[in-house]
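# Descriptive structure summary
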Amino acid sequence: MTTSQEMLARRLKLPNTNSPLTIPQIHLGLYMLPPRQTAATVTAALSAGYRGFDSAQWYNNEREAGGAIKAYLSSHPSLSRSDVFYTTKLRDNSTSYEGVRVSVAKSIDACELGYVDLFLLHSPLGGQEARLTSYRALSSFLPSGQIRALGVSNFGVRHLDELVSFIDSHNNSTPPPEFPLPLPSVNQIEIHPFNTQLPIRAACERHGLLLEAYAPLARGMRFGHPVLKEVSARYKCTEAQVLVRWSIQHGFVTLPKSARTERLVANADVGGFEISDEDMKRLDGLDEGLVTDWDPTDAP
Ligand SMILES: NC(=O)c1ccc[n+]([C@@H]2O[C@H](COP(=O)([O-])OP(=O)(O)OC[C@H]3O[C@@H](n4cnc5c(N)ncnc54)[C@H](OP(=O)(O)O)[C@@H]3O)[C@@H](O)[C@H]2O)c1
């Protein structure tokens, strides 16, 4: 049997990076975690074995999340900075290259971790010029190592195609660019059985991006659904565990959020069973395009 600690130690290769980076397959999502609760929750998660944390400028808890990670690392000398993977996201895309650089630098400073493992554009909002300028500004932190990998979030197929073609023409321009742009490593989007996002998943596969599944528990909105109930009874686990396991078996990095220690421990305790192909297909079949929060994947 695989323990929750072993599940939390699982890492996937992060594509499109210069050095061979890996990313924990289960992260703790930090959305809607109030700043005053963040340090205690992140510390409890680290003690339970979580090594990946998903923050954002928007969540207003970068300082608290980074501070808790830093404190935990200094009180656990057997761990080093590279054992923990910290993600944050740019809230507002902008056509001001310098403006984005200032905003990104603030996030890097706020977490006090020396570097950010993965920095994402939180959404495609703001229009084409703002998206591409912001991506270029993010990438300017790669040579110094202050950011290790880049990604996007809530990008639809059109935004992905646009970015990949921009990167291609930037890298092949004459005279050669000051620094080449990497392809994004990930696209973080809402994915769970009630919103399976097949077209965006296909585009990510085509461009070689890893998928990060946000709201993997569908925010609890479909707990009690007859199929979920029946599958969880058969595998003798909770409905939340079925959803996390479904995400993992699809090969996503999954980001379940809980502020409660017993839940965040249980949500990662998904190594003791494997969902059969038949049940995976039944779960896949629950797609209803459920949006739990927002969906800017069609933004102009
Ligand atoms: N890029 C984006 O635009 C975007 C958007 C949304 C989310 N995200 C990321 O994805 C993460 C997860 O998404 P999410 O927080 O929206 O939704 P989620 O992880 O699907 O669900 C979280 C909700 O489920 C509850 N919960 C957790 N475990 C449970 C359990 N075992 N039984 C019953 N209820 C449980 C939590 O409450 P308690 O805390 O009280 O346990 C919370 O209300 C976020 O935290 C964030 O990091 C990114």
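Residues numbered from 1 in each chain as written. Predicted model: local features only at pLDDT ≥ 70, side-chain atom pairs only at ≥ 80, totals over all residues. Heavy atoms only, no water.

### Some words on the packing of helix α6 (residues 157–171) against helix α7 (residues 198–207)
Put simply, the rule reads: A fitted line through C-alpha atoms serves as each axis, taken over the contacting stretch for helices, and the angle formed by two N-to-C directions is quoted from 0 to 180°. Runs of H or I in DSSP of at least four residues are treated as helices and runs of E of at least two as strands, each being numbered from the N terminus. Angle categories: roughly parallel below 35 degrees, roughly antiparallel above 145, roughly perpendicular from 65 to 115, and oblique for all the rest. In a left-handed crossing the near helix is turned counterclockwise from the far helix by less than a right angle, and in a right-handed crossing that turn is clockwise. Throughout, a residue-residue contact means that at least one pair of heavy atoms, one from each residue, lies within 4.5 Å. Classification used: nonpolar for Ala, Val, Leu, Ile, Met, Phe, Trp, Tyr, Cys and Pro, charged for Asp, Glu, Lys and Arg, polar for all others including Gly.
Running from N to C, α6 and α7 point in directions that differ by 15 degrees, and their axes come no closer than 9 Å. By the criterion of interaxial angle, the relationship of α6 to α7 is roughly parallel. Seen from above, α6 lies across α7 with left-handed handedness. The segment α6 lies against α7, with V157, L160, D161 and V164 engaging P199, I200, A203, C204, R206 and H207. Residues that form the contact of α6 with α7 fall into these classes: seven nonpolar, one polar and two charged.

### Digging into the UniProt feature "active site" (unreviewed entry) in the protein
Formally: UniProt positions are given in the numbering used here, feature names are shortened, and annotations may be inferred rather than shown by experiment. Classification of residues uses two cut-offs on accessible area relative to the type maximum, computed with a 1.4 Å probe and protein chains only: under 20% is buried, over 50% is exposed, and between them is partly exposed.
Look at the UniProt record and you will see "active site" (unreviewed entry) annotated at Y59. Secondary-structure assignment places Y59 in the loop between β4 (52–54) and α3 (62–75). The class for Y59 is buried, based on a relative accessible area of 10%. Not counting the four nearest positions on each side in its chain, Y59 is found in contact with L30, Y31, L33, D54, K89 and H122.

### Notes on the pairing of strand β9 (residues 210–214)
Note the cut-off: Criterion used throughout: strands pair if DSSP finds at least two bridges between them. Here a crossover is taken to be right-handed if, once the strands point away from the viewer, the path from the first strand over the helix to the second is traced clockwise.
With respect to burial, β9 is a largely interior element, five of its five residues being buried. Neither face of β9 is left uncovered, since the one carrying L210, E212 and Y214 and the one carrying L211 and A213 both have all their residues buried. For strand β8 (residues 186–190) and β9, the ladder comprises five bridges, and the chain directions are parallel. Opposite N187, over in β9, you have L211 as the bridge partner. The parallel pair β8 and β9, bridged by α7, forms a crossover whose chirality is right-handed. Sheet topology note: the β9/strand β10 (residues 253–254) ladder contains two bridges and is parallel. Bridging from a neighbouring strand, E212 pairs with V253 of β10.

### Quick word on the side chain of E62
Put simply, the rule reads: The sign given to each residue is positive for Lys and Arg and negative for Asp and Glu; His and the chain ends receive no count. Salt bridge criterion: a side-chain nitrogen from Lys or Arg within 4 Å of a carboxyl oxygen from Asp or Glu.
Examined against the element boundaries, E62 turns out to sit in helix α3. The buried charged residue E62 lacks any salt bridge partner; its closest oppositely charged side chain belongs to R63, at an N-O distance of 7.6 Å. Excluding residues within four positions of it along the chain, E62 makes contact with S55, A56, Q57, Y86, T88, S107, A110 and C111.

### Quick word on the packing of aromatic side chains
Each aromatic ring pair is described using two quantities: the centre-to-centre distance and the angle formed by the ring planes. Convention followed: Aromatic contacts are taken between Phe, Tyr and Trp rings whose centres are within 6.5 Å, Trp giving its six-membered ring; a plane angle under 30 degrees counts as stacked, one over 60 as edge-to-face, and the others as tilted. Two thresholds decide whether a charge sits over a ring: the Lys NZ or Arg CZ must be within 6 Å of the ring centre and within 35 degrees of the ring normal.
Inspection of every chain in the model, using the stated rule, returns four aromatic pairs. Considering the side-chain rings of Y235 and F273, the 5.8 Å spacing of their centres and the 40 degrees angle between planes classify their relative orientation as tilted. Taken together, the residues Y235 in the loop between α8 (226–234) and α9 (239–249) and F273 in the loop between α10 (261–267) and α11 (277–284) connect sequence positions 38 residues apart. Residues W246 and F252 carry aromatic rings whose centres are separated by 6.0 Å and whose planes lie at 65 degrees to one another, so their mutual orientation is edge-to-face. The same class applies to W246 as to F252, namely buried. Sitting above the plane of the Y115 ring, R81 keeps its charged end 3.9 Å from the centroid.

### Points about the UniProt feature "binding site: substrate" (unreviewed entry) in the protein
Under the local residue numbering, the UniProt record ascribes the feature "binding site: substrate" (unreviewed entry) to H122. For H122, the position within the fold is in the loop between β6 (116–121) and α5 (128–139). Ignoring any residue separated from it by four or fewer positions in sequence, one finds H122 in contact with A56, W58, Y59, K89, L90, R91, S153, N154 and W294.

### Some words on the sheet that holds β9
If you walk across this open sheet you meet the eight strands as β3-β4-β5-β6-β7-β8-β9-β10, and the pairing is parallel. Bordering the open sheet on either side are β3 (28–29) and β10, each of which pairs with just one other strand. Strand direction decides the pairing type here: strand β5 (residues 85–90) and β6, joined by four bridges, are parallel. Its bridge partner lying in β6, L90 is registered against L121.

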